[in-house]
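So the chains spell out like this:
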Amino acid sequence: MSTTLARTCLTLVLSAFLALAGCMTTDRQQTVGGGAAVGAGLGAVLGYVVGDGRGALIGAAIGAATGALAGHVVAERKTQYASREDFLDAEAKRVAEFNATARNYNEQLRKDIAQLSEEAEILRADYTEQEAQQVRMAEKRSELNNRMQRTAALEQELVKELEVQTAILQEERKEAPKDDPYIAELEKEVLALQANLESLREGSVQLAGIDERLSI
């Protein structure tokens with residue numbers, strides 16, 4: 001093979017590689033950008049709920065940063081699958097696992113809240129300044145705080161996953177055919193995730209209420 005021909009072949013190969021890399025980069029940038037847009041929207045709503053317009057701007061800035069991170073996660077996950085269908089199917093199964101964990105946790109949390117609430121009332125009714133009673137109260141609050149921390153940790157994980165899945169749905173809906181079964185399945189699981197997250201937050205509020213009752 002002549003030197004000129006070899007250089008020509010090498011140039012063609014490099015051009016093809018760079019073009020492919022450019023397409024991959026563009027897709028990744030679009031994914032990250034889409035995630036940032038979702039995060040900014042959610043952040044603006046949260047900021048508005050917190051208070052004034054300044055709060056909304058701060059919320060949007062924080063949300064955009066978080067959304068960009070979600071976009072990076074989406075882009076990374078996509079690289080693990082050969083097709084869009086495999087990707088969406090895997091994500092639906094992933095969210096289903098989150099939902100199973102959250103449902104089991106919420107079910108146990110409801111039982112624990114009922115028991116803790118009853119025990120709190122007994123402790124309040126029998127409370128005296130005696131050291132033994134103070135120790136019992138401190139132990140119960142320690143148990144309660146431990147449960148509150150674990151609940152908060154799970155809530156944080158669910159929130160992160162919900163944001164990632166929101167970014168996935170926003171991006172994949174753009175080119176998905178109408179009544180796409182993969183999108184429909186993922187949407188179903190994401191709606192369930194939102195409901196489980198709401199139940200978890202309600203449990204957190206109830207735990208905080210019990211803790212307040214024990215603050216004698």
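For the structure itself, look to the data block above.
So, here is what we can say about the structure in this document. (Residues numbered from 1 in each chain as written. Predicted model: local features only at pLDDT ≥ 70, side-chain atom pairs only at ≥ 80, totals over all residues. Heavy atoms only, no water.)

### Here's the deal with the overall build of the protein chain
Working step 1: Helices and strands together make up the secondary structure of the protein chain, namely 5 helices and 0 strands.
Working step 2: Ordered by position in the sequence, the α and β elements of the protein chain form the string α-α-α-α-α.
Working step 3: Buried residues in the protein chain amount to 31% of all 216 residues.
Working step 4: Summarising the internal contacts of the protein chain: among those between residues at least 6 apart in sequence, 80% fall at separations of at least 24.
Working step 5: For the protein chain, the computed accessible surface area is about 13,300 Å², with 58% contributed by carbon and sulfur atoms. (Helix = DSSP H or I, 4+ residues; strand = E, 2+ residues; numbered from the N terminus. Buried < 20%, exposed > 50% of the residue type's maximum accessible area, 1.4 Å probe, protein only. Contact = heavy atoms within 4.5 Å. Areas by Shrake-Rupley, 256 points an atom, 1.4 Å probe, with all protein chains shown as cover.)

### Some points on the packing of aromatic side chains
The geometry of an aromatic ring pair comes down to the distance between the two centres and the angle between the two planes.
Working step 1: Under the definition given, this model contains 1 aromatic pair.
Working step 2: Ring geometry for Tyr81 and Phe87: centres 6.2 Å apart, planes at 50°, overall tilted.
Working step 3: Residue Tyr81 is classed as partly exposed on the basis of its relative accessible area, which comes to 31%. (Phe/Tyr/Trp six-rings, centres within 6.5 Å; stacked < 30°, edge-to-face > 60°.)

### Section: the nonpolar core
Side chains of nonpolar character tend, in soluble globular proteins, to be buried together.
Working step 1: Among the nonpolar cores identified, the biggest contains 31 residues, and Leu158, Ile168, Leu186, Ile210 and Leu214 are the most heavily contacted of them.
Working step 2: Considering each element in turn, this core owes the most residues, 11 residues, to helix H3 (residues 84-126).
Working step 3: If we ignore the near neighbours within four places in the chain, the residues touching Ile210 are Ile113, Leu116, Ser117, Ala120 and Leu144. (Core = buried A, V, L, I, M, F, W, Y, C linked by side-chain atoms within 4.5 Å.)

### Remarks on the environment of Glu163
Working step 1: For Glu163, the position within the fold is in helix H4 (residues 131-173).
Working step 2: For Glu163, a relative accessible area of 11% corresponds to the buried category.
Working step 3: C-alpha separation for the pair Glu163 and Gly71, spaced 92 residues apart in sequence, amounts to 9.2 Å.

### Some words on the pattern of salt bridges
Working step 1: Taken as a whole and judged by the stated rule, the model has 18 salt bridges.
Working step 2: A salt bridge links Arg173 to Glu187, with the shortest nitrogen-to-oxygen separation between them at 2.9 Å. Residue Arg173 is found in helix H4, and its partner Glu187 is found in helix H5 (residues 181-213); the two are separated by 14 residues along the sequence.
Working step 3: On the accessibility criterion, Glu187 (27% relative accessible area) is partly exposed. (Salt bridge = Lys/Arg side-chain N within 4 Å of Asp/Glu carboxyl O.)

### Quick notes on H5
Working step 1: With 33 residues, H5 should reach 48 Å at 1.5 Å per residue; the first-to-last C-alpha distance of 49 Å fits that figure.
Working step 2: Turning to H5, its buried residues number three or more, namely Ile183, Leu186, Glu189, Val190, Leu193, Asn196, Leu197, Leu200, Gly203, Leu207, Ile210 and Asp211.
Working step 3: The backbone nitrogen of Tyr182 has a side-chain oxygen 2.7 Å away, supplied by the residue at the start of H5, namely Asp180. (Expected span 1.5 Å × (residues − 1). Polar contact = N/O pair within 3.5 Å; in protein donor to acceptor, adjacent residues only side chain to side chain.)

### Some words on unusual backbone geometry
Working step 1: In this structure, Asp179 is a non-glycine residue whose phi angle is positive, near 60°.
Working step 2: Within the secondary structure, Asp179 is located in the loop between H4 and H5.

### Brief notes about the packing of H3 against H5
Working step 1: Direction vectors running N to C along H3 and H5 enclose 20°, while the axes themselves pass 8 Å from each other. The angle between H3 and H5 falls in the class roughly parallel. When the axes of H3 and H5 are compared, the crossing they make is left-handed.
Working step 2: A class-by-class count of the residues in the contact of H3 with H5 yields 20 nonpolar, 7 polar and 10 charged. (Axes fitted to C-alpha atoms, helices over the stretch in contact; angles between N-to-C directions. Parallel < 35°, antiparallel > 145°, perpendicular 65-115°, else oblique. Left-handed = near helix turned anticlockwise from the far one by under 90°. Nonpolar A, V, L, I, M, F, W, Y, C, P; charged D, E, K, R; others polar.)

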